[in-house]
Amino acid sequence: MDYLQLKGSQSLSGEIKISGAKNASLPLIAMTILAKNNVKISNLPHVADINTLLKLLSNLGATCERNNGYMHVDTSTLHETKATYDIVKTMRASILVLGPLLARFGKCEVSLPGGCAIGQRPVDLHLKALEQMGANIEIKSGYIEATAPNGLQGCDIIFDKITVTGTANIVMAASLANGITNITNAAREPEVVQLCEILNKSGVKIEGIGSAILTISGTNGKLIDIVDFSVIPDRIEAGTYLCAGAITNSKLTIINADPSHLGAVLAKLEEMGFSIESSLDSITIHPADEIKPVKIITQEYPAFPTDMQAQFMALATQANGVSIIEEKLFENRFMHVSELQRMGADISLNGHTATVSGKTKLSGTDVMATDLRASSALVLAGLIADGTTDIHRIYHLDRGYDSLDKKLQNVGVDIVRLSE
Ligand code: UD1
């Protein structure tokens, strides 16, 4: 198993190029199930989660080929409709194939994803919405068995809670349904917006894109011709590297980013005393005279993203004063706290709220990554810790960060990937 070793007390300089967004790529790859053509995708990140979903599609009979920086996905040869446990257990987002498989084949089986490190994460809202569309859903031996022999019917769906993959799943199902589906309380994340925009350009009429109410006119079972597209930049990767600039109080530029997706994150960095300069596709963070404490509440887009909570907690250890970080989306997303404490951070937890007192000196040691974003918080802490930090179990990090060690080396970080 690989681990990362990095030396602390570093100052960074230069540029980091942001990869395509993992969380946009996943629904867009699942969307190819709705296509009658060979779909050409660019700017897919090289991360494990993407390989997992491509493997799932290949197992179902699709052909996925990387060629000259493009991914070509051909689902015309798809013949299997069962997403098995061995794949789904490694990546919860595999649930994204449920809506499109059911819409195209009128039946499918998808393993239940189960819980994960950051909380229970049920898929009840996905299932309830598909039932409203006329699907018959049974849970048997850990599998969701879904059938809709007469196709899915458009209907009015009101999500009890905002769900990102739930919205994506139902948008894809509704794209081939018979009639119009209205989704109220839809997720507005940029990744959902891109999915809707590509479907819209590919012949599925979708109104309300980017709002909480989506209206999708289904094709009544007809497969669609999906246009070539390039995946939007990864806003969480971008935010993580901005935090790397912030925690080391360095000037750092990220390129191939989209500042318009990072409003809440940039606002918090500015509140903490950093100045930010943005162009259409780049962001530069400048050092702060004094890093100020911050109050953060994670919420759905466009509010502050839960996927940036751990990184800001690492950063808050270097602020002068008391920061308050409240996690509203996932009940157990504080697993990085005990590892940061082992490095010397002063953090107390009370239910869903963490209180971080700074500024504290951090010391390098052996730490364990527990989930994807928790891992990047440990990398950030390692950048300023005294001595050497060894981060173990980085398969979590590899799920969502494309070449993190190389990108950090390029801006001056002494970081290496080693084998245990
Ligand atoms: C997506 C992102 C993840 C991010 C999260 C919140 C992907 C692949 N993953 O995850 O990185 O942290 O959004 O921004 O895009 N819920 C239910 N029932 C459901 C579905 C969700 O109760 O059927 C709850 C969840 O437990 C959670 C909340 O709703 O508390 C939001 O979850 P959701 O938006 O669905 O997260 P994901 O789509 O899994």
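Analysis parameters
- Residues numbered from 1 in each chain as written.
- Predicted model: local features only at pLDDT ≥ 70, side-chain atom pairs only at ≥ 80, totals over all residues.
- Heavy atoms only, no water.
- Helix = DSSP H or I, 4+ residues; strand = E, 2+ residues; numbered from the N terminus.
- Buried < 20%, exposed > 50% of the residue type's maximum accessible area, 1.4 Å probe, protein only.
- Contact = heavy atoms within 4.5 Å.
- Near = heavy atom within 4 Å.
- Polar contact = N/O pair within 3.5 Å; in protein donor to acceptor, adjacent residues only side chain to side chain.
- Areas by Shrake-Rupley, 256 points an atom, 1.4 Å probe, with all protein chains shown as cover.
- Nonpolar A, V, L, I, M, F, W, Y, C, P; charged D, E, K, R; others polar.
- 1 Å grid on protein atoms, 1.4 Å probe; cavity = no way out; pocket = protein on both sides within 12 Å on 5 of 7 lines; lining within 4 Å.
- Points joined across faces, edges and corners; volume = space filled by probe spheres on them.
- Pairing = 2+ DSSP bridges.
- Axes fitted to C-alpha atoms, helices over the stretch in contact; angles between N-to-C directions.

Caption draft 1: Representation of the environment of Leu-176. For Leu-176, the location among the structural elements is in the loop between α6 (164-175) and β11 (180-184). Residue Leu-176 is classed as buried on the basis of its relative accessible area, which comes to 4%. If near-sequence neighbours (up to four positions away) are discounted, Leu-176 is found in contact with Leu-34, Ala-103, Arg-104, Thr-219, Asn-220, Gly-221, Lys-222 and Leu-223.

Caption draft 2: Up close: the site of the ligand. Around the ligand there are 19 residues in total, and Asp-124, Thr-163, Thr-165, Asp-307 and Leu-329 lie nearest to it. Note that an oxygen atom of the ligand is positioned 2.7 Å from one of the backbone N or O atoms of Leu-125. In the complex, 88% of the free accessible area of the ligand, which totals 740 Å², lies under the protein chains. Where the shell around the ligand is concerned, the elements lending two or more residues are α1 (22-31), α5 (124-132) and α6. By residue class, the composition of the shell around the ligand is 9 nonpolar, 5 polar and 5 charged.

Caption draft 3: Structural context of the layout of surface pockets. Of the pockets and cavities examined, the second largest pocket occupies roughly 160 Å³. Residue lining of the second largest pocket: Ile-247, Thr-248, Asn-249, Glu-290, Ile-291, Gln-318, Asn-320, Lys-359 and Ile-384, and that is the complete set.

Caption draft 4: Spatial organisation of the sheet that holds strand β24 (residues 415-419). Within the open sheet, the 4 strands sit side by side as β22-β23-β1-β24. Their pairing is mixed. Looking at the sheet topology across the chains shown, the edges are occupied by β22 (366-368) and β24. Between one strand axis and the next, the sheet turns through 25 degrees on average, direction left out of account. For strand β1 (residues 2-7) and β24, the ladder comprises 5 bridges, and the chain directions are antiparallel. For Tyr-3, the partnering residue across the bridge sits in β24 and is Leu-418. Lying over the sheet, helix α12 (residues 372-384) contacts β1, β22 and β23 (388-392), oriented at roughly 30 degrees with respect to β1.

These figures come from the coordinates and say nothing about function on their own.
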